[in-house]
Amino acid sequence: MTNLPVWNLKDFYTDIKSRKIREDLDKIDKQSSLFNKKFKNKLKSLSNTFLESSIKEYEKIEEKIQFIHSFSFLTYCTHQIDSEKTKFFKDIEEKLNRFQINLIFFTLEISNLSREKLDYLGKTKYRSWVNNLVKNKKYQKSESVEKILMQKSITSSSSWIKFFDQFMARLKFKFNGKKLNENEILDLMSSSNSSLRKKSALSFGETLKANSFYFGSIMNNISKDLDINKDIRGFKFSESSRHVSNQIDKSDVDSLVNTVKNNYKLTSHKYYKYKSKFFKTKKLNFWDRNAPYPKTIERKISWMEAKDIVLNSYYDFDEQAGDIAKMFFDKKWIHASLIKGKMSGAFSHPTVPSCHPYILLNFQGKIRDVMTLAHELGHGIHQYLANKNGLLVSDTPLTLAETASVFGEMLTFKFLLKSASKKSEKIFLLRSKIEDMLNTVVRQVSFFDFERRIHSLRVDGEIAVEDISKIWIKSQKESLGNHVNLDNDYEYFWSYIPHFIHSPFYVYAYAFGDCLVNTLYSRYEDKFPNFNAKYIKLLQSGGSLHYKDSLKEFNLNPSRKDFWELGIKIIKNFIDELEKLS
């Protein structure tokens, strides 16, 4: 598609050769060294006032570090095959890592302060940040060990992540005499032409299989690195570090996962049985699982039309939310263009409070792309509102990180459904929404289940690629049911999923967010008193409040056994509504 927006990164620097970058790096180098000399081994003797000032000084240095890192990352993720920009990103990452080593002592010493000093800090804006440091104290190591862990991350997990990204960016898939990149081949896999879907899916699977040695090595090394860190820090499970950083109890995650798995039959199994009838088969081929229905013509949606749909849905909900969303378009904070070497998928990068979020997506004019735009704008609004808290308190833990994004998707879906005048339009929208929700809830829980099995097995030694594939097929068959055919061509599809590499065990966030928002959205539809004001306040709070405290405002408790069932019920109701209309 033409005339798609690209972002303007000049709010950071003019370009990667800007002299200002070198000047800023020199400043951070000096400031981090001086900070180390000024405060190391001295926090316990500082007055309460100076102690709070030291946190402010630390935060300012961290903001400068994140500022440069964001610029290098955002530059890199749209030019992954550009050797100059790739080198720039790597060099910046190594330099910033060196500066961070000077600051490691600070959080360690904060967590070891006296009760009196911690009580004082508990009355400041940094309360939640300090409380989390103290809570996680038992997993912290000595400064010397922490330095080693930070230094070795460059050549361990970070190195494998970069290798995976660059390998995927360069990987080519043969199709009708052409060599396509990942985005192009994945787009064909959702084509309305069944022949194109099959050929592209087989080409995709064959190429992943041909390169399975590399993918297997990446997965094994990422898993082993996670296992080593687990043992060093004293975590019980490989997934424990994710739960600690997300400020969530494993019991709540287990409750969510078990609820979703117990509802496989009444959600995904039931829906794919419904869909297979329209494909006139007992089992859908895996390339037809997300395919357009036969005789259904999905019209192309222009970028301007997508923009209008999403902005109208946000404005219909809340004027402030609409105004913030509009800024992303007006100020060129979105990169939607399809270019070679660009990272696949979508994200909203929060940057730092002195700047603003940036959104990346690969827009191809489908209804899913409209929903992705709504999703990422939700993240953007959330990050923009939370920025006022400052870097240390603005970051939202996973438990609420997907709230605004999934809520934005639901707003847009309901807006489109309300605008639909024909029965066929409503059926199309319901099918699209159900598939998105199944991909967000069921599929992500099955991914999480796959990760649990892989990382548990990796503790005992290297896992053969064939065994990884067997575990993959087993977890996917359980989640999708008997009406989706997962043959040998699907065995290596675990290979390309970036979350397994970039952020192990993150995937349950999507299911957590979707089910949470389904329940939260029902409060909105039921006209819960002062919902909008409370919702905006929730987004503004960033990481300053625990998710259970935030949800109390809406009379919701995720520890209740029926909480996740309420979220799953929305999906069940949509499936029932679809069957009645069809």
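Above: the structure in question.
Just so you know, these numbers come straight off a predicted model, no measurement behind them.

Cut-offs used in this document
- Each chain carries its own residue numbering, running from 1 in the written order of its sequence.
- The predicted origin of the model limits local features to residues at a pLDDT of at least 70 and limits the giving and counting of side-chain atom pairs to 80 or more, whereas totals for whole chains, interfaces and linings rest on all residues.
- Side-chain measures were taken over the full set of non-hydrogen atoms in the model, leaving aside hydrogen atoms and water.
- Secondary structure elements are defined from DSSP: runs of H or I of at least 4 residues count as helices, runs of E of at least 2 residues count as strands, and each element is numbered from the N terminus.
- Our radius of gyration is a C-alpha quantity, and the globule rule it is checked against amounts to 2.2 Å times the number of residues to the power 0.38.
- Categorising residues by exposure relies on relative accessible area from a 1.4 Å probe, with only protein chains included: less than 20% of the type maximum marks a residue as buried, more than 50% marks it as exposed, and the intermediate range marks it as partly exposed.
- For the charge count, each Lys or Arg is scored as positive and each Asp or Glu as negative, with His and the chain ends excluded.
- One atom stands in for each charge, and that atom is NZ of Lys, CZ of Arg, CG of Asp or CD of Glu.
- Between the N-to-C directions of two axes lies an angle of 0 to 180 degrees, each axis being a line fitted to C-alpha atoms and, for a helix, fitted only over the stretch in contact.
- An angle below 35 degrees is read as roughly parallel, one above 145 as roughly antiparallel, one from 65 to 115 as roughly perpendicular, and any other as oblique.
- Note on convention: near helix rotated counterclockwise from far helix by under a right angle means a left-handed crossing. Clockwise means right-handed.
- Contacts are residue-level and defined by heavy atoms, with any inter-residue pair within 4.5 Å sufficient.
- We call Asp, Glu, Lys and Arg charged. Ala, Val, Leu, Ile, Met, Phe, Trp, Tyr, Cys and Pro are nonpolar, and the rest, Gly among them, are polar.
- Grid points spaced at 1 Å over the protein atoms alone were grouped into cavities, where a 1.4 Å probe fits but cannot get out, and pockets, open sets with protein on both sides within 12 Å along at least five of seven lines, with lining residues defined by an atom within 4 Å of a point.
- Grid points are joined across faces, edges and corners, and a volume is the space filled by probe spheres set on the points.
- Salt bridge, as used here: a side-chain nitrogen of Lys or Arg that lies within 4 Å of a carboxyl oxygen of Asp or Glu.
- Counting of polar contacts relies on pairs of N or O atoms within 3.5 Å, with two restrictions inside protein: one atom must be capable of donating a hydrogen and the other of accepting it, and residues adjacent in sequence are counted only when both atoms are side-chain atoms.

*Asks:* Mind laying out the overall build of the protein, listing which residues take part and the relevant values?
*Replies:* Helices and strands together make up the secondary structure of the protein, namely 28 helices and 7 strands. In terms of overall dimensions, the protein is globule-like: its C-alpha atoms have a radius of gyration of 24 Å, near the 25 Å expected for 582 residues. Projected onto the principal axes, the alpha-carbon positions of the protein cover approximately 75 × 55 × 50 Å. Here the protein holds 582 residues, and 58% of them are scored as buried. Of the charged side chains in the protein, 94 are positive and 70 negative; the average position of the first set lies 1 Å away from that of the second.

*Asks:* An account of the packing of helix H8 (residues 157-170) against helix H11 (residues 212-233) is needed here, citing residue identities and associated values.
*Replies:* Contact geometry of H8 with H11 gives a least axis separation of 9 Å together with a crossing angle of 155°. The orientation of H8 with respect to H11, classified from their angle, is roughly antiparallel. Crossing of H8 against H11: the hand is left-handed. Residues Ser157, Trp160, Ile161, Phe163, Phe164, Phe167 and Met168 of H8 form the contact with H11, whose own contacting residues are Tyr214, Phe215, Ile218, Asn221, Ile222 and Asp225. Across the contact of H8 with H11, the residue classes tally to 10 nonpolar, 2 polar and 1 charged.

*Asks:* Could you give an account of the layout of surface pockets, naming the residues involved and the relevant values?
*Replies:* Estimated volume of the largest pocket: approximately 450 Å³. Taken together, 17 residues make up the lining of the largest pocket; nearest its centre are Arg299, Ser424, Glu425, Phe428 and Leu429. Listed by contribution, the elements that provide at least two residues to the lining of the largest pocket are helix H20 (403-419) and helix H21 (423-440). When residues of the lining of the largest pocket are assigned to their parent elements, the largest contribution, 6 residues, is made by H21. Considered as a void within the structure, the second largest pocket measures approximately 300 Å³ in volume. Forming the boundary of the second largest pocket are 15 residues, of which Lys135, Tyr139, Val244, Ile248 and Asp249 lie nearest the centre. Elements supplying a minimum of two residues to the lining of the second largest pocket: helix H6 (127-135) and helix H12 (240-245). Partitioning the lining of the second largest pocket into residue classes produces 5 nonpolar, 5 polar and 5 charged.

*Asks:* Can you break down the side chain of glutamate 409 residue by residue, with the values?
*Replies:* Within the secondary structure, glutamate 409 is located in helix H20. Within the buried core, glutamate 409 has no salt-bridge partner, and the shortest N-O distance to an opposite charge, that of lysine 433, equals 4.4 Å. Of note is the side chain of glutamate 409, whose polar atom sits 2.6 Å from the side chain of histidine 375. In this view, glutamate 409 contacts Met371, Ala374, His375 and Lys433; residues no more than four positions away in its chain are not counted.

*Asks:* So what's going on with empty space enclosed by the protein? Which residues, and what values?
*Replies:* Tallied over the full model, the rule gives 4 cavities of 30 Å³ or more. Of the volumes computed, that of the second largest cavity is approximately 200 Å³. Elements represented by at least two residues in the lining of the second largest cavity include exactly helix H17 (367-386) and H21. Its residues placed into classes, the lining of the second largest cavity shows 5 nonpolar, 4 polar and 7 charged.

Geometry only, nothing functional implied.
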